[in-house]
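Listed here are the chains, written in short residue letters.
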Amino acid sequence: LFFLAWGANLSVHASKNEPLVVTETGDGFIISASGKSAPLFGDDSDYPGVIRALQDLQTDIGKVTDVKPALHTGKIPRSKTLIIAGTIGKSSIMDQLIQSGKINVDQVKGQWETFQIQVVSKPFPGVKEALVIAGSDKRGTIYGIYEVSSKIGVSPWYWWADVPVEHKNALIVNRKTCIQEPPSVKYRGIFLNDEYPNLTLWIQDKFGM
């Protein structure tokens, strides 16, 4: 349901109104290239749903590039590049980035289901560069993670509508700070009992009564 709700109502803005772009060429943060994918990191003190979303991103990067990245939830791994996702006030690693001045979350903190995506130079010792996804709350972080999945080419309708995933040899993120503002509709989602006959009949067909 997160994927459905997220895909149905999302507005992302970047600096100078330019959206987050993931390309196969150019100068930027390398998610995956030359047979290597940047590892993912989520603080084990964060919400379980955030770690689950990171597992989905891990799988999605593997679908696109055929190179599935490692996922770490304990200590920060030794890696020149890293993808970090965390909830402000819940993830100790995210709070550490804020306190050290590596990221500024003034436009995100305290908002409803808001996230910020940016590339950060030298966030921690031994890490040259990181793609940081900071969420204002649990769902904000989760939506931010799935935004990256969408931009690398995995549709939120991948499972429901069998949307194919196009292979890419490399995934490179432009160095832009992207922020999703609070949604215009506070509670995003679908109501299963309002989706008759389409969803009801689909469930009956796939899973029986």
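Just above sits the structure.
If you're wondering where the values come from, they're calculated on a predicted model, not measured in any experiment.

Peer 1: Can you help me understand the overall build of the protein chain in this one?
Peer 2: Counting secondary structure elements, the protein chain contains five helices and eleven strands. In the protein chain, buried positions account for 45% of the 209 residues. Expressed as a percentage of contacts within the protein chain between residues at least 6 apart in sequence, the contacts between residues at least 24 apart total 74%.

Peer 1: How should I be thinking about the pattern of salt bridges in this particular structure?
Peer 2: Side chains carrying opposite charge are able to pair once their charged atoms draw close together. By the definition in use, this model includes six salt bridges. Here Arg175 ties to Asp27 by a salt bridge, and the two come within 3.2 Å at their closest N and O atoms. Of this pair, Arg175 sits in the loop between strand 10 (171-173) and strand 11 (178-180) while Asp27 is found in the loop between strand 2 (22-23) and strand 3 (29-33), placing the two residues 148 residues apart along the sequence. One network of salt bridges, in which partners are shared, links Asp27, Glu129 and Arg175.

Peer 1: How should a nonpolar patch on the surface be read in this particular structure?
Peer 2: Judged by side-chain polarity, Trp157, Tyr158, Trp159 and Trp160 come together as a nonpolar surface patch covering roughly 440 Å² of accessible area. On the secondary structure map, Trp159 appears in the loop between helix 4 (138-151) and strand 10.

Peer 1: Would you mind showing me how to read unusual backbone geometry here?
Peer 2: Trans is the common state for peptide bonds, and a negative phi is the common state for residues other than glycine. A positive phi angle, near 50°, is found at Glu113, a position not held by glycine. Counting through the fold element by element, Glu113 comes out in the loop between helix 3 (92-99) and strand 8 (115-121). Of note in the backbone geometry, Lys122 takes a positive phi value of approximately 45° without being a glycine. When you line up the elements, Lys122 lands in the loop between strand 8 and strand 9 (129-135). Accessibility expressed as a relative area gives 56% for Lys122, which makes it exposed.

Peer 1: Looking at this model, I keep getting lost on the pairing of strand 3. Mind explaining?
Peer 2: Along a regular strand, successive side chains alternate from one face of the sheet to the other. Burial within strand 3 is extensive, with four of its five residues counted as buried. Pairing of strand 3 with strand 4 (residues 36-37) involves two bridges; the strand directions are antiparallel. Each bridged residue has a counterpart across the sheet, and for Ala33 the counterpart in strand 4 is Lys36. What sits between the antiparallel neighbours strand 3 and strand 4 is a turn of two residues, in which Ser34 has the positive phi angle 55°.

Peer 1: Can you help me understand the sheet that holds strand 3 in this one?
Peer 2: Two orientations exist for strands paired in a sheet by backbone hydrogen bonds: parallel and antiparallel. The strand order across the open sheet formed by four strands is 2-10-3-4, and the pairing between neighbours is antiparallel. Taken across any chain shown, the strands that pair with only one partner, and hence form the sheet edges, are strand 2 and strand 4.

Peer 1: Please explain the packing of helix 2 (residues 48-65) against helix 4 as it appears in this structure.
Peer 2: How two helices sit against one another is set out by the angle between their axes and by the gap between those axes. At a closest axis distance of 9 Å, the pairing of helix 2 and helix 4 adopts a crossing angle of 0°. When the interaxial angle is binned, helix 2 and helix 4 end up roughly parallel. In this structure, helix 2 contributes Gly49, Val50, Ala53, Leu54, Asp56, Leu57 and Asp60 to the contact, and helix 4 contributes Lys138, Thr141, Ile142, Ile145, Tyr146, Val148 and Ser149. Residue composition of the contact of helix 2 with helix 4, by class: eight nonpolar, three polar and three charged.

Peer 1: Quick question: what am I supposed to make of the environment of Thr87 here?
Peer 2: In this fold, Thr87 is placed in strand 7 (residues 81-87). Judged by its relative accessible area of 1%, Thr87 falls in the buried class. Along the primary structure Thr87 and Asp137 are separated by 50 residues, whereas in three dimensions their C-alpha atoms are 5.7 Å apart. Those residues within four positions of Thr87 in sequence are excluded, and the remaining contacts are Asp46, Tyr47, Val50, Met94, Gly135, Ser136, Asp137, Lys138 and Thr141.

Peer 1: Would you mind showing me how to read the pairing of strand 8 here?
Peer 2: Counted residue by residue, strand 8 has six buried out of seven residues, so it is predominantly covered. Taken together, the seven bridges between strand 8 and strand 9 define a ladder with antiparallel strand orientation. Looking at the pairing, Ser121 lines up with Glu129 of strand 9. Here three bridges tie strand 8 to strand 11, and the two strands are oriented antiparallel to one another. Residue pairing for strand 11: Phe115 is matched across the bridge by Gln180.

The rules behind the values
Residues numbered from 1 in each chain as written. Predicted model: local features only at pLDDT ≥ 70, side-chain atom pairs only at ≥ 80, totals over all residues. Heavy atoms only, no water. Helix = DSSP H or I, 4+ residues; strand = E, 2+ residues; numbered from the N terminus. Buried < 20%, exposed > 50% of the residue type's maximum accessible area, 1.4 Å probe, protein only. Contact = heavy atoms within 4.5 Å. Salt bridge = Lys/Arg side-chain N within 4 Å of Asp/Glu carboxyl O. Patch = residues over 30% accessible without salt bridge, like charges linked within 9 Å, V, L, I, M, F, W, Y side chains within 5 Å. Areas by Shrake-Rupley, 256 points an atom, 1.4 Å probe, with all protein chains shown as cover. Pairing = 2+ DSSP bridges. Axes fitted to C-alpha atoms, helices over the stretch in contact; angles between N-to-C directions. Parallel < 35°, antiparallel > 145°, perpendicular 65-115°, else oblique. Nonpolar A, V, L, I, M, F, W, Y, C, P; charged D, E, K, R; others polar.

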